[in-house]
Amino acid sequence: MTASRAAWCFISPALLVIGVFFLLPAAASLLLSLTDFDLYALADPANLRWVGFANYLELLQRPLFWQALGNTLYFVVVGVPVSMGVSLLAAVLLQDSAARCRAFFRTALFAPVVTTVVAVAVIWRYLFHTRYGWINHVLAGVGIDPVDWLGDPHWAMPTLILFAVWKNFGYNMIILLAGLQAIPADLYEAARIDGANRWQQFRHITLPSLQPMLMMVAILTTAGYFQLFAEPYVITEGGPVQSTLSVLYLMFEEGFKWWNLGMASAVAFSLFALMLFVTLILTRLFRSRHE
Amino acid sequence: MSVPVSRSDWAGVLVNGALVGFAVASLAPLVWMLSVSFMPAGEASSLPPPLLPSAPTLDNYRLLFSRMGIGSYALNSLLIALLVTLLSLLFNTLAGYAFAKLTFHGRERLFQSLLGALVIPAQVAMMPLFLLLKEMGLVNSIGGVVVPAMASVFGIFLVRQYTRGIPDELLEAARIDGAGEFRIFWQIVLPLLKPVLVTLATFTFLGSWNDFMWPLIVLSDSGLHTLPVALSNLAREHVQDSELMMAGAVLTVLPVLLLFLALQRYYLQGLLLGSVKG
């Protein structure tokens with residue numbers, strides 16, 4: 001057996017799985033989004049019709065789609081910077097020479113990352129309960145009136161963002177921590193000799209050195225946050241008054257509750273296009289700042 | 001009594017104080033979950049909200065197993081996670097090794113296009129995938145969750161990164177001795193890959209156990225539900241039973257948390273290895 005034939009034997013099972021169960025469906029999704037595939041077509045493919053861009057045009061006219069888009073963007077635009085800020089702060093604290101028990105703190109701060117979203121989302125529902133939740137109880141202790149976190153359309157999304165930050169910051173913290181450890185110590189030594197204080201060292205050494213890593217983390221986190229689904233599904237069921245309905249939640253309802261698989265594919269591709277666009281902008285933004 | 005405190009001491013207090021704050025914020029919800037799961041029904045919904053159970057009880061767990069069938073959900077989760085881990089480990093390792101060490105026409109181009117496919121969010125493929133699995137008779141079966149997860153670009157990438165560190169001379173020597181490619185892989189390469197295999201297995205198991213959206217879609221028969229899917233249904237039906245739900249959350253989270261604690265080193269290594277693709 002030649003090496004190249006062996007190689008194809010080695011890669012073909014994995015390629016087959018990825019090709020048949022991911023790449024092919026992903027491409028088919030684009031075609032599906034151009035049809036009116038619904039419950040009737042599910043029963044009998046003869047009912048399937050080609051509708052061109054009608055699904056996309058209909059989406060653009062649906063207030064609920066814009067609402068879902070707005071909610072998702074809110075989650076991304078606020079959630080990503082807050083997440084990254086918290087991750088960076090945690091990483092800097094862990095890397096500080098004064099920090100004790102580093103291994104313990106690292107594990108403790110990372111623990112929420114490996115937990116099951118659904119399970120910890122259930123915890124969140126009770127912690128943020130208006131009457132019996134600990135959050136309002138603690139706030140009452142400092143004289144703040146109870147907040148209807150999950151029932152008030154203005155507070156529901158911030159509560160979900162807080163949840164996402166709590167759940168995810170440990171992931172980027174580990175990546176940024178590795179980045180901090182790679183910065184040569186003599187850079188800081190030289191800065192200290194020049195009389196730079198901590199903030200100046202952070203501003204002029206830490207941040208520029210982390211630049212490429214921050215870009216990668218920003219892009220990955222943004223992509224992840226655009227895929228918001230389990231959190232609103234479990235914590236708020238998209239409410240109150242659709243204030244936490246995300247694009248993927250809309251896709252799920254269209255596709256697997258109402259069986260409008262054509263429309264659901266159009267929703268998915270709209271999200272994909274938006275994600276690509278935002279990633280492109282982020283890349284440009286970081287590059288231009290780098291030069 | 002008062003010892004003069006230098007500026008660096010204050011920095012130490014500040015840094016460690018902040019770390020303690022972070023640790024409390026990270027762990028408090030999990031500790032609270034554990035505590036409430038031992039409370040008698042209704043106790044958590046009293047004022048002021050109690051921190052510890054007045055009379056710790058296992059009633060919630062008993063109820064979950066005897067009346068809610070959580071044991072079978074846990075078995076479904078375990079079975080799916082184990083199958084996905086074993087099968088994807090085999091396929092990803094074979095492919096990752098080939099991409100790293102075996103030369104064939106179009107290797108780099110193929111690998112780059114696989115990496116490029118990472119930008120496609122999984123949800124885009126879900127609607128046609130559902131129809132495909134329906135044709136294959138896999139909807140509403142364990143296979144509907146396992147089969148699409150049998151290989152992943154991330155897994156192939158991880159193994160490839162690690163395998164590149166194995167010296168070519170080792171493989172050449174075996175070839176000169178007349179060993180076949182499959183034997184070289186099985187007897188020489190695989191033992192050397194042990195650390196990355198543990199890493200990938202941990203990643204895959206946790207990911208599969210925690211997965212929610214796809215199992216929710218493809219497993220409509222409640223007898224096949226995984227723990228996260230079952231828990232999300234129970235949480236909708238039993239909104240008031242916080243103690244019961246916390247016990248369910250403990251059963252869902254504890255296995256993966258313990259697995260992570262045991263294999264932490266491997267898991268974090270994989271996280272870093274997987275994030276250097278930039």
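All figures in this text were calculated on a predicted structure; none of them were measured in a lab.

Residue and element names in this part refer to chain B. Here the domain parsing of chain B yields domain 1 (15–57) and domain 2 (60–276). When each unit is reduced to the centre of its C-alpha atoms, the spacing between domain 1 and domain 2 is 32 Å. At the interface, 14 residues of domain 1 touch 11 residues of domain 2. The junction of domain 1 with domain 2 conceals about 890 Å² of combined surface from both sides, 65% of it contributed by carbon and sulfur atoms. Our count for the domain 1 to domain 2 interface comes out at zero salt bridges. Where domain 1 packs against domain 2, one counts six residue pairs in polar contact (both at pLDDT 80 or more). A per-class count over the side of domain 1 that touches domain 2 returns 10 nonpolar, three polar and one charged.

This brings us to the nonpolar core. If you look at the biggest cluster of nonpolar residues, it comprises 199 residues, and the most contacted ones within it are Phe110, Phe229 and Met251 of chain A together with Met127, Phe212 and Tyr267 of chain B. No other element matches the 14 residues that helix 8 (residues 153–181) of chain A contributes to this core. Each of domain 1 (15–57) and domain 2 (60–276) of chain B contributes no fewer than three residues to this core. Beyond its immediate sequence surroundings of up to four residues, tyrosine 267 of chain B is in contact with Phe110 and Val114 of chain A together with Thr202, Phe203, Leu206 and Phe260 of chain B.

Now for the packing of helix 3 (residues 70–101) of chain B against helix 9 (residues 181–192) of chain B. Helices that pack against each other are described as a pair by the angle of their axes relative to one another and the distance between those axes. Residue and element names in this part refer to chain B. Remark: helix 3 packs on helix 9, axes separated minimally by 12 Å, with the N-to-C direction vectors making an angle of 100 degrees. By the angle class used here, helix 3 and helix 9 are roughly perpendicular. Here Thr93, Leu94 and Tyr97 of helix 3 come into contact with helix 9, specifically with Glu181, Phe182, Ile184, Phe185, Val189 and Leu190. Classifying every residue of the contact of helix 3 with helix 9 by side-chain character gives seven nonpolar, one polar and one charged.

Residue and element names in this part refer to chain A. Following the criterion strictly, the structure yields 13 salt bridges over all chains and no others. Notably, a salt bridge pairs aspartate 36 with arginine 49, separated by 3.0 Å at the nearest N-O pair. One end of the pair, aspartate 36, is in the loop between helix 1 (3–32) and helix 2 (39–43); the other, arginine 49, is in the loop between helix 2 and helix 3 (54–60), with 13 residues separating them in the sequence. Classification of aspartate 36 by relative accessible area gives buried; the value is 17%. With a relative accessible area of 55%, arginine 49 lands in the exposed category.

Scoring rules and cut-offs
- Residues numbered from 1 in each chain as written.
- Chains lettered and ligands numbered in written order.
- Predicted model: local features only at pLDDT ≥ 70, side-chain atom pairs only at ≥ 80, totals over all residues.
- Heavy atoms only, no water.
- Domains from an automatic or database assignment.
- Contact = heavy atoms within 4.5 Å.
- Buried area = accessible area lost by both parts, 1.4 Å probe.
- Salt bridge = Lys/Arg side-chain N within 4 Å of Asp/Glu carboxyl O.
- Polar contact = N/O pair within 3.5 Å; in protein donor to acceptor, adjacent residues only side chain to side chain.
- Nonpolar A, V, L, I, M, F, W, Y, C, P; charged D, E, K, R; others polar.
- Core = buried A, V, L, I, M, F, W, Y, C linked by side-chain atoms within 4.5 Å.
- Buried < 20%, exposed > 50% of the residue type's maximum accessible area, 1.4 Å probe, protein only.
- Helix = DSSP H or I, 4+ residues; strand = E, 2+ residues; numbered from the N terminus.
- Axes fitted to C-alpha atoms, helices over the stretch in contact; angles between N-to-C directions.
- Parallel < 35°, antiparallel > 145°, perpendicular 65-115°, else oblique.

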